[in-house]
Amino acid sequence: MIPEKMKAVVLTEPTKAEEVRLTDCPVPQVRPGWVLVKVRAFGMNHSEQILRRNEILADYIQKPLIPGIECVGEIADPSDSSFQKGQRVAALMGGMGRSFNGSYAEYALLPAHHVFAVSSDLPWEKLAAVPETYFTAWGSLFEGLRLQPEDTLLVRGATCALGYAAIQLAKALGCRVIATTHRESRLPLLAEADEAVLDTGRLAETLSGKDISSAVRSGTIRSGITKALELVGPKTLSDTLRCVKKGGVVCNTGILGGMYTLNDFDPIKGIPNGVYLTGFYSNGPTQEIMDEIFTFLTAYHQQPCVGKCFDFSEIREACLAQDRGAVNGKIVVRVTDHG
């Protein structure tokens, strides 16, 4: 039975992590084209941190707002959709947690076209690490970079949930992976990659002067990198473009560097001859792609990467951990069943 009230995080203004708390609010009323999802768990994302810190002030954000761009759970009310009550689903993007209320709640009313059936029997905590992170990694690697087993992949800014997922997928495919972090203390966290490299901001120089492995002993490491996933963003993009070999591809997906655009960028001089630049914007998930991701994880016996799991009652602590960078990998929040 669906209750009348639920617990949720509700934002009206910029909110520090220590100020985040659960409040009581009405369970949303279902309407045509939308389904009511009983949230079982959700992953936390950098974009939600940006929203909480300052984007909540933007005119295009209707307040009050429940944040959260992804979740996993069960259909509580299918409305006029083809879903069945109790069916396992994942939801992500499409305006979730910005244009309309998101997943930091016990129930979420979501547009049916951005809710996807999930056949996986993974526990909720593992399942919650998949939707946004693995969809973005999948799109970046296979749509943006057209990754192949014979590729050598550079992941710049790899000590984040998306970086770990990209390394995992690429290694499962059979690629050689070089991963970077700007913190020396985090180099051991990149053990799954073939090589971990300290990023001083001038990575092209670092790599061109370092014979990293026997796989590229015939030349510099630059001669071996065919694809690059840029997660730091515009701050280091120009340098990353000089890290790949001629014919190589760079996909800009992340903005971890806190810089969102390139000013005075000259594409003729800024993109080396024969190098290709693309990007991936994760706002177009489909049932087909979500099925492909879960099929791949199952076929290659891969477990989604979870950094730490918090209970919904610990949402303040989860936000504090996110702000402090205290968790290596995906932060997942488990929503306890209150009936």
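Placed above this text is the structure.
1. Focus: the overall build of the chain
Piece 1. Each helix and strand counted, the chain has nine helices and 15 strands in total.
Piece 2. What you see for the chain is a C-alpha radius of gyration of 21 Å, in line with the 20 Å of a compact globule of 339 residues.
Piece 3. Each principal axis of the C-alpha distribution contributes one length, and for the chain these read about 65 × 40 × 35 Å.
Piece 4. The buried share among the 339 residues of the chain stands at 55%.

2. Some remarks on the sheet that holds strand β9 (residues 176-181)
Piece 1. A sheet is described by the order of its strands in space; here six strands give the open sequence β10-β9-β8-β11-β12-β13, paired in parallel fashion. A single partner strand is all that each edge strand has here, and the edge strands are β10 (195-198) and β13 (276-279). Pairs of neighbouring strands in the sheet enclose a mean axial angle of 20 degrees, with direction left out of account.
Piece 2. The sheet contact formed by β9 and β10 spans four bridges and is parallel. Each bridged residue has a counterpart across the sheet, and for threonine 180 the counterpart in β10 is valine 197.
Piece 3. Helix-sheet contacts for helix α3 (residues 131-144) involve β8 (152-156), β11 (227-230), β12 (249-252) and β13, and the interaxial angle to β12 is about 150 degrees.

3. Remarks on helix α6 (residues 234-241)
Piece 1. Among the eight residues that make up α6, six are buried, leaving the element largely enclosed by the rest of the structure.
Piece 2. Elements in contact with the buried residues of α6: β8, α5 (203-208), β11, β12, α7 (267-270) and β13.

4. Some points on the packing of aromatic side chains
Piece 1. Taken as a whole and assessed by the stated rule, the structure comprises eight aromatic pairs.
Piece 2. Taken together, a centroid distance of 5.9 Å and an interplanar angle of 90 degrees make the contact between phenylalanine 42 and phenylalanine 312 edge-to-face. Placement of phenylalanine 42 in strand β3 (residues 34-43) and of phenylalanine 312 in the loop between β14 (308-311) and α9 (315-324) is noted, with a sequence separation of 270 residues between them. We note that phenylalanine 42, like phenylalanine 312, is buried.
Piece 3. Ring geometry for tryptophan 138 versus phenylalanine 296: centroids 5.4 Å apart, planes at 80 degrees, classification edge-to-face.

5. Overview of the nonpolar core
Piece 1. Counting residues in each nonpolar core, the largest one holds 51 residues, and the members touching the most others are Leu141, Leu153, Val155, Ile167, Leu169, Leu229 and Ile293.
Piece 2. Elements that contribute at least two residues to this core include exactly β5 (88-92), α2 (124-127), α3, β8, α4 (161-173), β9, β12 and α8 (287-299).
Piece 3. Those residues in contact with leucine 169 that sit more than four places away from it in its chain are Tyr134, Ala137, Trp138, Leu141, Phe296 and Leu297.
Piece 4. Val9, Leu11, Leu65 and Ala105 belong to the second-largest nonpolar core, a separate cluster that totals 48 residues.

Cut-off values and rules
- Residues numbered from 1 in each chain as written.
- Predicted model: local features only at pLDDT ≥ 70, side-chain atom pairs only at ≥ 80, totals over all residues.
- Heavy atoms only, no water.
- Helix = DSSP H or I, 4+ residues; strand = E, 2+ residues; numbered from the N terminus.
- Rg over C-alpha atoms; globule rule 2.2 N^0.38 Å.
- Buried < 20%, exposed > 50% of the residue type's maximum accessible area, 1.4 Å probe, protein only.
- Pairing = 2+ DSSP bridges.
- Axes fitted to C-alpha atoms, helices over the stretch in contact; angles between N-to-C directions.
- Contact = heavy atoms within 4.5 Å.
- Phe/Tyr/Trp six-rings, centres within 6.5 Å; stacked < 30°, edge-to-face > 60°.
- Core = buried A, V, L, I, M, F, W, Y, C linked by side-chain atoms within 4.5 Å.

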